[in-house]
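Letter by letter, the chains look like this.
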Amino acid sequence: MHLIISSSLHPTSRSRILAREVRARLEDQGREVTVFDLSQRVLPPCDGATAYGDAEVIALSGLLREAESVFVASPVYNYDVNAAIKNAVELTGKAWTGKVVALMLAAGGQGSYMSVMGLANSLMLDFRCMIVPRFVYATGENFEGEQLADEDIAGRVDQLVQETLHLSDALAT
C-alpha cells in the first residue's frame, strides 16, 4: 500500500490537487493507495503525553507502518511546510522509520523552493527515511481552478511517482 498524506487544512488546497494527481497515477498502475487527508481526519496537537492515544494518531501510525512508500503533499507557509504535517510527524514518530518518502509542495512563489529540507532532514536523521531525491514544487501559476494546468509539473509528478515506486519496489525485494 502506498500512503498519501495531504496536509493542507485549506478547503481549496493546491497541495491536495498534487495529492490527487499522485493518487490517479498510482491507481492507473494498479497500486493500492490510501489517502490520509489532515483536513478531514483531525489530529490533536502533540502534547508529548495523551495525544499519542488519539484514535486518528493510532490510525495514521498503523498506515505508516504498513506503507511501502509515503507521499507527503504540503503547502508552504513562511518558508516551511505547514504545521499540520510537522505535528503529524511528531505524533507518529517511529512509524516513519525506514520509509521511502516523496515530497510535494504548493507554494505562493519561487522563493521557498528549499523549504522542504527541514522536514526531509528530520525524516532522514530521526527515522532513517529514504527521501526520494526529486520533489515536486508548484506555485499558483501551475494550477487552474481545481486542476493542475502545467505540463512540466505534471511531468515532474510522473517522475516522482516512478522514482518512488522504483525505490520502494527495490527495497521490498
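Just above sits the structure.
Because the structure is a prediction, the values reported are computed rather than measured. (Residues numbered from 1 in each chain as written. Predicted model: local features only at pLDDT ≥ 70, side-chain atom pairs only at ≥ 80, totals over all residues. Heavy atoms only, no water.)

Draft legend 1. Looking closely at helix α1 (residues 14–28). If you check α1, its first and last C-alpha atoms are 21 Å apart, about what 15 residues at 1.5 Å a residue would give, namely 21 Å. Residues of α1 that are buried include every one of S15, R16, I17, L18, A19, E21, V22, R25 and L26, and no others. Note on α1: the residue one or two positions beyond its end, G30, has a positive phi of about 75°. (Helix = DSSP H or I, 4+ residues; strand = E, 2+ residues; numbered from the N terminus. Expected span 1.5 Å × (residues − 1). Buried < 20%, exposed > 50% of the residue type's maximum accessible area, 1.4 Å probe, protein only.)

Draft legend 2. Representation of the pairing of strand β5 (residues 100–107) in the model. β5 sits mainly inside the fold: eight of its eight residues count as buried. Alternating positions in β5 separate into two faces, V100, A102, M104 and A106 on one and V101, L103, L105 and A107 on the other, with burial throughout. Note that strand β3 (residues 69–77) and β5 share seven bridges and pair parallel. Along β5, the bridge assignment pairs V72 with L103. Here β5 runs beside strand β6 (residues 130–131); their pairing, made up of two bridges, is parallel. By the bridge assignment, V101 is partnered in β6 with I131. Judged from the four bridges that link them, β5 and strand β7 (residues 136–139) form a sheet pairing that is parallel. Bridge pairing links A107 to T139 in β7. (Pairing = 2+ DSSP bridges.)

Draft legend 3. Quick peek at the pairing of strand β2 (residues 33–37). For strand β1 (residues 2–6) and β2, the ladder comprises five bridges, and the chain directions are parallel. Along β2, the bridge assignment pairs H2 with V33. Crossover handedness for the path β1 to α1 to β2: right-handed. (Right-handed = clockwise from strand over helix to strand, strands pointing away.)

Draft legend 4. The pattern of salt bridges, seen in detail. According to the stated counting rule, one finds ten salt bridges in the structure shown. Measuring nitrogen to oxygen at the nearest pair gives 2.6 Å for the salt bridge that ties R25 to E21. With R25 and E21 both in helix α1, this residue pair falls four residues apart, about one helical turn. The residue R134 makes a salt bridge to E163 at a minimum N-O spacing of 2.8 Å. Note that R134 is positioned in the loop between β6 and β7 and E163 in helix α5 (residues 151–172), a separation of 29 residues in sequence. Shared partners join several salt bridges into a network, and the residues in it are E21, R25 and D158. (Salt bridge = Lys/Arg side-chain N within 4 Å of Asp/Glu carboxyl O.)

Without other data, these values stay purely geometric and don't point to any function.
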